[in-house]
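Per-entry structural report
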Amino acid sequence: MAALKRFQHKTAGNLPLAPPAQSASKLAPLSPIKASASLNGVSNGSSSHMAKFHNIPENLMTKCAGCGALLVTKDWERDLKVCARCGYHARLGARERIALLSDENSFAEWDAELSPRDPLHFPDYENKRTIAQLKTGLKDSCVTCAAQLEGRDVAIGATDFGFMGGSMGSVLGEKITRLIERGTAERRPVIVVTSTGGARMHEGLLSLMQMAKTSAAIARHRAAGVPYFCVLSDPSTAGVQASFASLGDFLIAEPGALIGFTGARVIEQNLRIKLPKDFQSAEFQMEHGQIDLIVPRVKLKETIGQLLSLLLD
Amino acid sequence: MLSRWLPLEGPLVELEEQIDELKRLAAQERIDVSDKVARLEGRKRKVMEEVFSNLTPWDRVQMARHPKRPYTLEFVNALCSEWIEVHGDRAFGDDGAMVCGFARFRGRAVAIVGNQKGRDTKDRLARNHGMVSPEGYRKAGRVMELAARFHRPILSFIDTPGAACSPDAEERGISEAIAASQMLMSGLPVPIIVVITGEGCSGGAIATAYGDRVLMLEHAYYSVIAPESGASIIYRDSGKAAQMAENLKITAEDAQRFGIIEEIVPEPLGGAHRDMAVMSKTLGDTLTRHLDALTQLAPADLLEQRYARFRCLGEWNEPDAGH
C-alpha cells in the first residue's frame, strides 16, 4: 500500500490504475515522478469551468472527449480512463501505461537519465523540450523498464504523447533500441506501447535514423526467438508506425485508436478527396488486415499474458 | 523554356543562349567570333562557379528536384550493362515508383532497387512522382532477398519526395512495408550500397536506405520530412519551406557531419544533369571503390559492421556513460 500511496501522491490526478476487478494492492510501484500534469490536463481542462460555477472541487468531474458525457473523475479513473458511457479510451501517460501492464513491485526503470540534445540548433526546440519536461516529469518522450507481467519477466517501453506528441528523437530511438537489445540478451519478451505523432523533426535526420536503428534491433530479437509485441494506442502514426510499431509478432490496438502513416488531413489536402470518418481507426486497420486484434484497455494485460503463454509455455 | 530551368540558373542560361545565338549568326555570316565566344564561355564559367558555390539548403532542394535531374533508370543505363528489370510484388501489383532488377556493373553482377520518377506528365503519373507504394517496397524486398540468396551485391538508389500518400497505400500497409524493408536490409548478408541521387525524403527514403555505405550526390538532399510539410506543421505556412530547409539541416555536408553518410559524390559544375558522362564516371568509380572494400568482408563481419553503423546514430546526454 505504501507504493500505492506514493504513486497517488506523486500523480496529482489520484488515479488508481488497477482494472476495476482487481484490488488496489495489485498496483505497480512507480519511481518518483515530479508531476503528472498531463493527467491533470485531461480532467482539469474540461471540468474546471463547471467546478468554479457550482463551487465544487476541481477535478471532481471529467468530460469524456469521445461523447461529451460528464463522468465522476474517480469512477473514470477506476475505469482506466475509459468512458463508461461510450467506451472512449482517453490517452494515458507512459508511466500509467507501465503501471497498467506490470505486476506490483516489479518495475525497474532503465536508462532514465537519457536526455535530449539539440544537435541541429533547431529554433525553439530547447524551449519546447523544457516545457514538455516540466509538464510530464519525463526527460524525453518514453519510459522503458524491466517488469513482470503476470509473474513473467518482461521488458516494457511506452511513449508519452504529452511529451512533444510522443515524438521519436535520438533518446526515444536509443531507449527503445536498448530495451529490445536487453530484452534479447536477457530473453525477456518485449512489449512496446505507442502513442506518438512520429519522428521528431527538431532532430532532423538523426530522428529518421532511429527508424532504421530500432527496426534492425527487432530483426536480431526475432532471430533470437524472443517475443516482441506492439500495443498501438491513440495515436500511432508516421515514423514510429513505419518502424518498430509495425514489427511486433502481434499488433494489438486499443479500440478507436488512430493508426496510420500519413495523416488523414494531409491525404485529403493532397488528393482533394474526403475520407470516411473511421479512416485509420483501429477497426479500419483490422478490416484491412493491418493489425492482429483490438483489445479493450481493461483486458490488455490479461490478453498479453495469455498470448505470451501460448507462445512460450 | 524557363520552367525547364531553375531561377538560380537564370544568369547562366541567358549567357548560354547568347553563346548559341552568336555561334549561329557567325556560322550564317561566315565570320570568326571564337574570341568573343571564348570570352563569354569564361564569363559563364565564372557565373557558374559563383552560383554553385553559394547554394542555400533550399537551392539544394530545387537542384534535387530539377526537371532535368537524372533519375534512377538513367543512372542504371549510364553505369551498367545487361539491365533486366523485373516486376511485381507477387501479392498485389507492380509499382512504377520503384524499379528493381539485375544488371552488370563493370563486370560485376548486381541487383538494383531504386525510386523512379517520370519525365513527362503521363510517366510522372504512372510512377506516382517517385512516391513508393507498399507493393513497391515489397517488390524491392523480394528482389533484395533473391540477390542475397545468390550472393549479388545490392545497389539502392534513392530519389523520392516521400512514400505514397493515399488511402490505398494506408489500406495496404505502407507503414508495415517501410518498417519491414529496413528490417530486411539490416540482415541481408551481401554488400548494400545506398546512393541518394536526388530527394531523400522521410520514411519513404529510409525504407530502402539501410546499407553498408550511404553515399549522397553533392546536390541531393536527405531529410526527415519535406521542407514544405515541416513548415506547414511548425509555422503553419508551407511558404516558409526555405527557412525550414535551413532548420532541418538537409544538405549532403550536414548529413556527413552527423555521420549519416560516408561520402559526398561530387557533381559536375552546375549539377549532374549538365554532364551525365562525368557524373556516371565519378559515381561509378566511387561505387567500385566501396564494393571492392565490402566484398573483402566475411558476411558475419559485414552484418556486424552494418548494424554498428546505424546503431551509433543519434545524440543525447547521459550522465554516466558520457556519450
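Please read all numbers here as calculations on a predicted model, not as lab measurements.

1. Some points on the overall build of chain A
Along the backbone of chain A there are eleven helices and eleven strands. A buried classification covers 53% of the 313 residues belonging to chain A. Looking at chain A alone, contacts between residues at least 24 apart form 66% of all its contacts between residues at least 6 apart.

2. A look at the nonpolar core
The biggest cluster of nonpolar side chains holds 160 residues, and the ones touching the most others in it are I98, I191 and L232 of chain A together with M144 and M216 of chain B. Tallying contributions element by element places helix α7 (residues 204-223) of chain A first for this core, with ten residues. Excluding anything up to four places from it in sequence, I191 of chain A contacts L101, V154, I156, F229, V231 and I304 of chain A.

3. A few points about the confidence of the model for chain A
Averaged over all residues, the pLDDT of chain A is 87; the fraction at 70 or higher stands at 82%. Every residue in residues 1-48 of chain A is under pLDDT 50, and counting partners more than four places away or in other chains gives 90 contacts.

4. Regarding the packing of helix α1 (residues 10-29) of chain B against helix α2 (residues 34-53) of chain B
Residue and element names in this part refer to chain B. Relative orientation of the contacting elements α1 and α2 amounts to 165°, with a least axis distance of 9 Å. By the criterion of interaxial angle, the relationship of α1 to α2 is roughly antiparallel. Judged by the twist between their axes, the crossing of α1 over α2 is left-handed. Contacts between α1 and α2 involve P11, L12, L15, E16, Q18, I19, L22 and K23 from the former and K36, V37, L40, E41, R43, K44, V47, M48 and V51 from the latter. Across the contact of α1 with α2, the residue classes break down as ten nonpolar, one polar and six charged.

5. Quick notes on the packing of helix α4 (residues 72-79) of chain B against helix α13 (residues 276-295) of chain B
All names here are of chain B. The N-to-C vectors of α4 and α13 enclose an angle of 75°; their axes lie 10 Å apart at closest approach. Here α4 is positioned roughly perpendicular relative to α13, judged by the angle of their axes. Residues E74, F75, A78 and L79 of α4 touch α13, and the partners they reach there are M276, S280, L283 and G284. Of the residues contributing to the contact of α4 with α13, the split by class is five nonpolar, two polar and one charged.

Reading the values: the criteria
- Residues numbered from 1 in each chain as written.
- Chains lettered and ligands numbered in written order.
- Predicted model: local features only at pLDDT ≥ 70, side-chain atom pairs only at ≥ 80, totals over all residues.
- Helix = DSSP H or I, 4+ residues; strand = E, 2+ residues; numbered from the N terminus.
- Buried ≥ 20, exposed ≤ 12 C-beta atoms within 10 Å, placed from the backbone.
- Contact = placed C-beta atoms within 7 Å.
- Core = buried A, V, L, I, M, F, W, Y, C linked by C-beta atoms within 7 Å.
- pLDDT = per-residue confidence, 0-100.
- Axes fitted to C-alpha atoms, helices over the stretch in contact; angles between N-to-C directions.
- Parallel < 35°, antiparallel > 145°, perpendicular 65-115°, else oblique.
- Left-handed = near helix turned anticlockwise from the far one by under 90°.
- Nonpolar A, V, L, I, M, F, W, Y, C, P; charged D, E, K, R; others polar.

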